Amino acid sequence: MSTLDVSRGVCALLPGLQHWLENAFYEVRIVDAADPRDRDDRRILLATEIGHATHRDILINVRDGAPSLASAANGLPARVAFGIADMGFAFALIAELARPAAIPAVGDSGSARLMTLAGRVARSDATVLIQGDTGTGKEGMARFLHAQSGRTGHDFIAVNCAALPETMMEAMLFGHKKGSFTGASNASEGLFLAADGGTLFLDEIAELPLSLQSKLLRALQEGEVLPVGATHPIPVNVRIIAACNRNLAQEVAAGRFREDLYWRLNVMPLELRPLAERPGDVAAIAAAMLLRHQDMAKASFVWPSAAAMDKLTAHLWRGNARELGNVLQRALVLRDGAMIEADDLHLTGAPQPLRVVAPIAAPASVAVEPTRLRDVAHHSKLEAIRTALRETDGHRAAAARKLGISERTLRYRLAEMRELAAA
C-alpha cells in the first residue's frame, strides 16, 4: 500500500476524496501544507497552496467550466481543475497520477481488500495461483506480487503457456543441452534458470500437456530442473506464480490437469472477479488507460463526461479491461468534441459468433461425392462451437468451458471456420 499525503484544505473542500483514495489502495495521511516532509513524499494540495508544493505533488482547483489536466513539467507539479459534475472521474485521475507503476489501478473497496491480502502473500515465498476471466488483470497482479516481494532485485519473467510450441515446451521451460535434439546447435538455460532468484509467471497454466505437468511438479517439489539432454539436475531458486482463466479444480475433475500439481500450485489462491462485479474499478482503469493512451506533450488531456462515465460503469464488460481499453481508444479517435461523450462510446456488446456460409446444393445432373462419416463429425463439431458461442454471447472462455476444450483449441477451430467462410 502506498502512502499519500493530503492537505487539510483539500479534505475540507473535497471530503469524499479521502474515501476514494483509501478504496484505491492508498494509506492517506492528513497534513498541513506547510508541514515538513521527506524528499520522496507526494502530496495533494489546493492550487492556492502552490507555495508549499514540489514537482512531485498534485494541485487541485475546483472551479466551473471544462475540466483540465496539466502534467508535471519544468519543475511545476501536475494541476487538475474540475467542477462538481466531473468530480467522480477527477478523483480517479488524481489517484492514478499518484500511483506507483507496479501497483494495478483499483478503485473498488473489494479490490482494495484483495490487494491488501496480496501484499501479505507477496512477502512470503509461497506459490500463488491466480484465477479469473481473461482481461481481469492476472498478469498485473503477478507483477504486483513480485514488486512487493523480496525478489525485486531479480527478474520477473512472464510466459504464456498457450503460446509455447508444444514440441518445444520442455526445452523452453527447463533448458536444453547442445545437440540434445535436431536444431539444438547451442545450449539454452530455459525460463526457470533465467528467472533464478526472481519470479516466473506461468499464465494459462491449464494449457500445459499432462506429460509436462509431471516435470513441472518435480521442479516445484525438489527445487531443481533437468534440462533436455542433461543427466544431472540443476538447483533453481524461483518463485512460481501461476494463472488460469478456467476453474482449475474442474480441470482436475475432468482429468485434464494433475491433482498433485494442482495442490502444489494452490498454496495461496487469489480470485479476480469480472470487471462488472467491481464497478469502482471502472473509473480507475479508465483513468489509467486514458493517461497511457494520450501524449500530453502534443495535445491536452481528453476527459470523459459524467454521462460517459455513467455509461461505462453500467456496462457488463464481458471482455473486462481489454474491452474497456478498446472502447476508450475508439472514443479518443472518433469523438466529435473536446470531451468523450456518452454517444462517443461504441459499446457493441459481445462479439457475434462466426457464421459459415452454407454450400450451394449441386445440380441434380452433377454427381455428388458421397458424404463421409468423418466430414459429418467435423461439421458437427463446428456446429457445436457455433451453438456454444451463441449461448455464451460470444464469450470465448465461457464457450471453451462449455465445450470442455481449451481456449487454444477453440482458437484453432475458429480460425478453421474463418477459412471455410472465406473459401
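Structure first, text after, so check above.
Draft legend 1. Here's a closer look at the overall build of the protein chain. Helix and strand counts for the protein chain stand at 16 helices and 13 strands. Each of the 423 residues in the protein chain was classed as buried or not, and the buried ones make up 47%. Relative to all contacts within the protein chain whose residues are 6 or more apart in sequence, the contacts with residues 24 or more apart total 67%. Carbon together with sulfur atoms contributes 52% to the accessible area of the protein chain, which is approximately 21200 Å² in total.

Draft legend 2. Here's a closer look at helix H12 (residues 306–314). Every buried residue of H12 is listed here: Ala308, Met309 and Leu312. Down the axis of H12, the smallest arc covering the buried residues is 100°, so these residues share one side. Exposed and oriented more than 90 degrees from the buried face of H12 are Asp310 and Ala314. Along its buried surface, H12 packs onto helix H3 (87–98), helix H11 (280–293) and helix H13 (320–334).

Draft legend 3. Region of interest: the pattern of salt bridges. Throughout the structure, instances matching the rule amount to 15 salt bridges. Salt-bridge contacts for Asp41 lead to Arg29; the nearest nitrogen and oxygen are separated by 3.6 Å. Within this pair, whereas Asp41 is found in the loop between strand S2 (26–31) and strand S3 (43–46), its partner Arg29 is found in strand S2, the two being separated by 12 residues in sequence. For Asp41, a relative accessible area of 16% translates into the label buried. Measuring nitrogen to oxygen at the nearest pair gives 2.8 Å for the salt bridge that ties Arg37 to Asp57. Residue Arg37 is located in the loop between S2 and S3, and its partner Asp57 is located in the loop between S3 and strand S4 (58–62); the two are separated by 20 residues in the primary sequence. Here the salt bridges do not stand alone but share partners, grouping Asp5, Arg29, Asp41 and Arg43 into one network.

Draft legend 4. Layout of the side chain of His315. Mapped onto the secondary structure, His315 falls in the loop between H12 and H13. Here the side chain of His315 touches Glu323 through a polar contact of 2.8 Å, side chain to side chain. Those residues within four positions of His315 in sequence are excluded, and the remaining contacts are Glu323 and Leu347.

Calculation rules
Residues numbered from 1 in each chain as written. Predicted model: local features only at pLDDT ≥ 70, side-chain atom pairs only at ≥ 80, totals over all residues. Heavy atoms only, no water. Helix = DSSP H or I, 4+ residues; strand = E, 2+ residues; numbered from the N terminus. Buried < 20%, exposed > 50% of the residue type's maximum accessible area, 1.4 Å probe, protein only. Contact = heavy atoms within 4.5 Å. Areas by Shrake-Rupley, 256 points an atom, 1.4 Å probe, with all protein chains shown as cover. Arc of directions from axis to C-beta. Salt bridge = Lys/Arg side-chain N within 4 Å of Asp/Glu carboxyl O. Polar contact = N/O pair within 3.5 Å; in protein donor to acceptor, adjacent residues only side chain to side chain.

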